[in-house]
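Survey of secondary and tertiary structure
Listed here are the chains, written in short residue letters.
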Amino acid sequence: MPLMTKLRTRLHKFREKSDGTVSVEFAIWTPFMMFILIAAIDFSILFMTQSHYWGVARDTARLVARHAMDTPDAQAYAVARAGSYFGSPIAEITIRAETVSVSLKAPANSVLLFDAFGFADDLDVTAAITQSLEPI
């Protein structure tokens, strides 16, 4: 019986100790927090890139609508302005009888910083603007 008593008292003391609980919680929560941080960075980059593409498409459409550029110059202008550290889009410019349309498109994989989770394999970052042509 004295052996069982010793085991019970040691087990009771072991249960009461809280040394290392913070380290265990840190080790458990760190991967989840890193996942949230990486996902937030990737989504922020996607939204900022799309916003930037909209601005470049709007400016390009405005220049073409005012007859300041022709189609090849406008395509080169849009690609040069929209290009970033994370890739460069494909620019399509369509001039119709009364409108001009500018479309920028790039694969999301070329824009993202991490894409560690592979969610952007089939996504594209796009922006399309249509503007009325001004009379000559």
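Attention here is on the structure that accompanies the text. (Residues numbered from 1 in each chain as written. Predicted model: local features only at pLDDT ≥ 70, side-chain atom pairs only at ≥ 80, totals over all residues. Heavy atoms only, no water.)

The next thing to look at is helix H2 (residues 21–65). Over its 45 residues, H2 extends 66 Å from the first C-alpha to the last, a length consistent with the 66 Å expected when each residue adds 1.5 Å. Of all the bends in H2, the largest measures some 35 degrees and sits at Trp29, one to four residues before the proline Pro31. Two residues or fewer past H2, His67 is found with a positive phi of approximately 65 degrees. (Helix = DSSP H or I, 4+ residues; strand = E, 2+ residues; numbered from the N terminus. Expected span 1.5 Å × (residues − 1). Bend = angle between axes of the 7 residues up to and from the residue.)

We now examine the sheet that holds strand S3 (residues 124–132). Pairing within the open sheet is antiparallel, and its 3 strands lie in the order S1-S2-S3. Looking at the sheet topology across the chains shown, the edges are occupied by strand S1 (90–95) and S3. In this sheet, adjacent strand axes meet at a mean angle of 10 degrees when their direction is disregarded. Note that S1 and strand S2 (residues 99–107) share 6 bridges and pair antiparallel. Bridge pairing in S2 places Ala91 opposite Leu104. H2 rests against S1, S2 and S3 of the sheet, and its axis sits at about 25 degrees to S3. With respect to the sheet, helix H3 (residues 71–82) is in contact with S1 and S2, its orientation differing from that of S1 by roughly 145 degrees. (Pairing = 2+ DSSP bridges. Axes fitted to C-alpha atoms, helices over the stretch in contact; angles between N-to-C directions. Contact = heavy atoms within 4.5 Å.)

As far as function goes, none of this settles anything; it's purely spatial.
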